[in-house]
Amino acid sequence: MSKVSISKARQHNEKVTFWRGLRQPARWAALLSGAVLVLAFPAPNLEWLAWFGLVPGLWLMRAAATRREAAVRGWWFGAGYLLATMYWLIPNIGPALLLVAIVLGFLWTAVGISVWSMLRQPVSWWRAAVAFFLVPSAWLVTEWIRSWQGIGGPWALLAASQWQHPVILALAALGGAWLITMAIVAVNTGILIAIVADRLAIRLAALAAAAAVLFAGPVAFAMTAAAPVDKTITVALVQPGLTGPRGPAGTVAENERLTAGPARHADLIVWAESSVGYYLAKYPRLLAGIKDLSKSVGAQILVNQDARNKSGAQSKQALLIGPTGIKGSYIKTRLVPFGEYIPFRSVLGWLSKISKAAATNIVPGTGAHVLHATLRDGSPLTIGVLICFESAFPDMSQVDTDHGAQLIIYQTSDSTFQQSWAPAQHASLGALRAAETGRPVVQAALTGDSSAFDGRGRLVAWVGTSYRGVLLVRVNLPVASARTLFDRLGDYVPWTAVAITCLAALIGLARMAGGRRSRRAAQVPASGPTGILLDTNREPDRSAANADDSRQITPADQQD
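Residues numbered from 1 in each chain as written. Predicted model: local features only at pLDDT ≥ 70, side-chain atom pairs only at ≥ 80, totals over all residues. Heavy atoms only, no water.

**Student:** Can you walk me through the overall build of the protein chain in this structure?
**Tutor:** Secondary structure assignment for the protein chain yields 21 helices and 12 strands. Accessible surface for the protein chain amounts to roughly 25,600 Å². Of this, 62% is attributable to carbon and sulfur atoms. (Helix = DSSP H or I, 4+ residues; strand = E, 2+ residues; numbered from the N terminus. Areas by Shrake-Rupley, 256 points an atom, 1.4 Å probe, with all protein chains shown as cover.)

In structure tokens form, the structure reads like this:
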């Protein structure tokens, strides 16, 4: 057969394999089982689903006939999970969401392989114990990899489903959101072991281990206390909404009206992201008006400038403004992929023509840093200010805390995602960041949702997308020196998960290589001449073989 014929045959086989794969019900079931988990997040908030909702998908991976099929089912599961939890990106990036889900969904192949390798029959004590640690580790590695801002950022971490439960969030103070994710997946793994194991003792042990992990959060909450309170202040979160045809001028005017009215007695006033659509250095009268407003209400105002500078570069910048001028600034560092910049624009820039993806890339800042505010009574306050998407990143609020921030502030707009679950998902992230840092967290949103949480992640106040006005919240500020275990130790949980996963991968690869060598050795034909039958009516010549069989075996032969 010619090389051309072989190539065409190979292409035909690949096409047949592809379409045959799409006709496998188990893969579609894995896709659906991943998508269902979106119900555990806001706005449905069926958070209890997370504690057993992974079991159907894990069972499908474990039931695969081969390791390869288990990996594929894990891939489909991950793609379904991402498609559902980030569905609200469709107006912005269109078909690119499917590409994102397919590419990042591949990370869940590690979950499929780990489940299949450890929990296919027979399930021994050793394999069950390894699975209880390996499967959560493999899952967490997927979350940690995609938490890198260059490939999207850590949206829809499994831990975020538990934002309403401070007793679970206590784990975040010990190991960040990562530890909550590990706990959730461990409980699901324990349930799966209890279903598939043959031996009753293993089943009972798996359920006991799952129960122990489930109650680890409440125990941690009961055994720890909030940081000592330094002072209590009132923060005004201004949510003006969109002002229609009046544009940026209308937004500024509405912010000023609300600040002069309901917000005037607060110690600190926070405007939302994109609250000022002008570059204030080019509009001195507008800046003077905000300075005068700050003086009249007796409090500094944290605004957010969303405009192009004199050189034409656009950025989003938080500005702390007092009676005498700008007292500090922070430029948004981590941008929303496709919404504020297009990764690999030279290749994917066409998306801006068929969707609402960014027409030009916004210029990022250089990293998180604190601002130093002055309260109404003249006392100083160190604040960590972050913008929009940055609430998804644990390390940024951690940096601010390490630099002495007593309050974490997020400014966001979310106007693009009204009538979706995105604003609620976004606002809920403040609970995780509060529990991780031991700091109160507030979020001011242009169109909602605005929210506030205390230093243990407990909800203080929340207003939705239909609200227009000022949300006044009282927050207790911890002493600046207070640190959670997560603050002190950092990302030790994901690094541990990486170590477990890599060790398991190395052992697995070594065993696979050993198995291949054994199979090749078994396929090597026995030494000695072989009779060749040329005439089907005649028997092969066996004299040489018989002579070889009668040869005496020596000790040297036995050593071979």
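**Student:** Hey, could you run me through the packing of helix α2 (residues 25-35) against helix α3 (residues 55-62) in this one?
**Tutor:** α3 packs onto α2 with a crossing angle of 150° between their chain directions and a minimal axis gap of 8 Å. Judged by the angle between their axes, α2 and α3 are roughly antiparallel. As α2 packs across α3, the resulting crossing turns out to be left-handed. Contacts between α2 and α3 pair A26, A29, A30 and S33 from the former with P56, G57 and L60 from the latter. (Axes fitted to C-alpha atoms, helices over the stretch in contact; angles between N-to-C directions. Parallel < 35°, antiparallel > 145°, perpendicular 65-115°, else oblique. Left-handed = near helix turned anticlockwise from the far one by under 90°. Contact = heavy atoms within 4.5 Å.)

**Student:** I tried to follow unusual backbone geometry on my own but got confused; where do I start?
**Tutor:** Trans is the prevailing form of peptide bonds, just as negative phi is the prevailing case for residues other than glycine. With an omega of 5°, the peptide bond between P42 and A43 qualifies as cis. Tracing the chain through its elements places A43 in the loop between α2 and α3. In this structure, the amide linkage connecting G448 to the following residue, D449, adopts the cis form with an omega of 0°. Mapped onto the elements of the fold, D449 is located in the loop between β9 (441-445) and β10 (450-453). Phi is positive for A156, which is not a glycine, with a value near 60°. A residue is classified by how much of its surface remains accessible, and A156, at 7% relative accessible area, is buried. Residue S274 is not a glycine yet carries a positive backbone phi of 60°. The topology assignment puts S274 in the loop between β2 (268-270) and α13 (284-297). (Buried < 20%, exposed > 50% of the residue type's maximum accessible area, 1.4 Å probe, protein only.)

**Student:** How do you make sense of a positive patch on the surface when you look at a structure like this?
**Tutor:** A cluster of like positive charges, contributed by R67, R120, R516, R517, R519 and R520, occupies part of the molecular surface. A per-element tally of the positive patch places helix α19 (residues 492-523) first, with four residues. On the secondary structure map, R516 appears in helix α19. (Patch = residues over 30% accessible without salt bridge, like charges linked within 9 Å, V, L, I, M, F, W, Y side chains within 5 Å. Salt bridge = Lys/Arg side-chain N within 4 Å of Asp/Glu carboxyl O. Lys, Arg positive; Asp, Glu negative; His and termini not counted. Charge placed at Lys NZ, Arg CZ, Asp CG, Glu CD.)

**Student:** I'm lost on the nonpolar core in this one. Help?
**Tutor:** Side chains of nonpolar character tend, in soluble globular proteins, to be buried together. Formed by 126 residues in total, the largest nonpolar core has its most connected members in V111, W139, I180 and L407. Among the elements that make up this core, the one with the highest residue count is helix α9 (residues 166-196) (16 residues). Setting aside anything within four residues of it in sequence, one finds V111 in contact with L58, M61, V135, A138, W139 and T142. Counting residues in hydrophobic clusters, the runner-up holds 22 residues, among them V238, V252, I269 and L287. (Core = buried A, V, L, I, M, F, W, Y, C linked by side-chain atoms within 4.5 Å.)

**Student:** How should the pattern of salt bridges be read in this particular structure?
**Tutor:** Pairing of side chains with opposite charge becomes possible as their charged atoms draw close. Overall, the coordinates contain 11 salt bridges when judged by the stated rule. One salt bridge in this structure joins E273 and K332, with 3.7 Å as the shortest N-O distance. Residue E273 is found in the loop between β2 and α13, and its partner K332 is found in the loop between β5 (325-331) and α14 (345-348); the two are separated by 59 residues along the sequence. The residues E273 and K332 share a single accessibility class, namely buried. A network of salt bridges, in which partner residues are shared, links E273, K316, K332 and E340.

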